[in-house]
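An overview of the molecular structure
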Amino acid sequence: MHVGCPIWTNKAWLGSYFPLGIRDADYLHHYGRQFNGIELNTTHYRIPDATTVRRWREAVPATFRFCPKLPQIISHDRALYNADELTLSFCRAIEGLGPTLGHAFLQLPPTFGPEHLPRLERYLLDFPDYVPLAVELRHPAWFANRELLASVTAMLEALNKPLVLSDVAGRRDALHMRLTTPVAFVRLNGHGLVDSDFRRADDWAARIAGWLEAGLHTAYVFIHQKDIMHSPSGPSISCAACTS
């Protein structure tokens, strides 16, 4: 069970979650003592160099997991076209995370619809097998047709790629509840610590505990809030039911 936030560098956390007076370089060290995973969004904007990746790996415990987002130049700008070299560069870079590498994830843009399914399948077939990868679909048409969704999830299951579960208001279709591998990748979006944030977190805790009992191997859960100050303070689903 790996739970975390989308960032670790937030000066507003000083005095609340991090000790006062620490250097910026020490933020990840302290973050890694409170959480055991992170949705690594910084890789969405640039491919890190080897020195940076090594510094990340050395800052956290061996049980910590990074889940790097694929660069937007691959997923959004090129929409998976002519992205082989960039993909290889990204995978070689994050391979340096060693045992702290969890699942990378491909967040496709809302404009990437079912008409691009052959392109997605080709990209996933060619994706380096030494980097675990989850896939997030955002175009509503992926979820509007049950037969289409069934074919997509069957493809991901055959390729051993988790389909990301997004629990977000206004897009309940993206909460498809289909596990395509023994790994669950959940993005839980809250709304300012309202009561329903905590109720949903409790529901996820119970649900994931049941999945783990039924044979789920790994669960990644990343908490998003409108105000980044709220992400660490709640909701947290690292409960006894999920860690027992």
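See the structure shown above.
Below is a short write-up of the structure. Quantities reported herein were computed from a predicted structural model and do not represent experimental measurements.

1. Topic: the overall build of the chain
Counting secondary structure elements, the chain contains 10 helices and eight strands. Relative to the globule expectation of 18 Å for 244 residues, the C-alpha radius of gyration of the chain, 18 Å, shows essentially globular dimensions. Taking the principal axes of the C-alpha coordinates as reference, the chain spans close to 50 × 40 × 30 Å. Counting all 244 residues of the chain, 51% fall into the buried class. Pairs at least 24 apart in sequence give 73% of the contacts found in the chain among residues at least 6 apart. On the chain, roughly 11300 Å² of surface is accessible, and the fraction owed to carbon and sulfur atoms is 51%.

2. Digging into the pattern of salt bridges
According to the stated counting rule, one finds nine salt bridges in the structure shown. Linking R187 and E39 is a salt bridge whose minimum nitrogen-to-oxygen distance equals 2.9 Å. Of the two residues, R187 sits in strand β7 (residues 183-189) while E39 sits in strand β2 (residues 37-40), which places them 148 residues apart along the sequence. For the pair shown, R187 and E39 are each scored as buried.

3. Regarding the side chain of H103
Among the secondary structure elements, H103 is positioned in the loop between α4 (84-94) and β4 (104-107). Those residues in contact with H103 that sit more than four places away from it in its chain are F66, C67, P68, P132, L133, A134, P162, V183, F185 and Y220.

4. Points about unusual backbone geometry
Its identity is not glycine, yet A79 carries a phi of approximately 50 degrees, on the positive side. Of note, A79 is situated in the loop between α3 (72-77) and α4. Although it is not a glycine, N160 sits at a positive phi angle of roughly 60 degrees. Note on placement: N160 falls in the loop between α7 (146-158) and β6 (165-167). For N160, a relative accessible area of 53% puts it in the exposed group.

5. Some remarks on the layout of surface pockets
Its volume calculated, the largest pocket comes out at about 280 Å³. Lining of the largest pocket is provided by 17 residues; of these, W8, T9, L28, T42 and W56 occupy positions nearest its centre. Those elements that provide at least two residues to the lining of the largest pocket are α1 (27-31), β2 and α2 (50-59). By volume, the second largest pocket amounts to about 240 Å³. Along the wall of the second largest pocket there are 15 residues; nearest its centre are Q107, E136, R138, R187 and N189. Across the lining of the second largest pocket, the residue classes break down as four nonpolar, five polar and six charged.

6. As for the packing of helix α5 (residues 117-126) against α7
Relative to each other, α5 and α7 sit at 10 degrees, their axes nearing to 11 Å. Here α5 is positioned roughly parallel relative to α7, judged by the angle of their axes. For the pair α5 and α7, contact is made by L117, L120, E121 and L124 and by L148, V152, M155 and L156, respectively. Across the contact of α5 with α7, the residue classes tally to seven nonpolar, no polar and one charged.

What counts, and at which threshold
Residues numbered from 1 in each chain as written. Predicted model: local features only at pLDDT ≥ 70, side-chain atom pairs only at ≥ 80, totals over all residues. Heavy atoms only, no water. Helix = DSSP H or I, 4+ residues; strand = E, 2+ residues; numbered from the N terminus. Rg over C-alpha atoms; globule rule 2.2 N^0.38 Å. Buried < 20%, exposed > 50% of the residue type's maximum accessible area, 1.4 Å probe, protein only. Contact = heavy atoms within 4.5 Å. Areas by Shrake-Rupley, 256 points an atom, 1.4 Å probe, with all protein chains shown as cover. Salt bridge = Lys/Arg side-chain N within 4 Å of Asp/Glu carboxyl O. 1 Å grid on protein atoms, 1.4 Å probe; cavity = no way out; pocket = protein on both sides within 12 Å on 5 of 7 lines; lining within 4 Å. Points joined across faces, edges and corners; volume = space filled by probe spheres on them. Nonpolar A, V, L, I, M, F, W, Y, C, P; charged D, E, K, R; others polar. Axes fitted to C-alpha atoms, helices over the stretch in contact; angles between N-to-C directions. Parallel < 35°, antiparallel > 145°, perpendicular 65-115°, else oblique.

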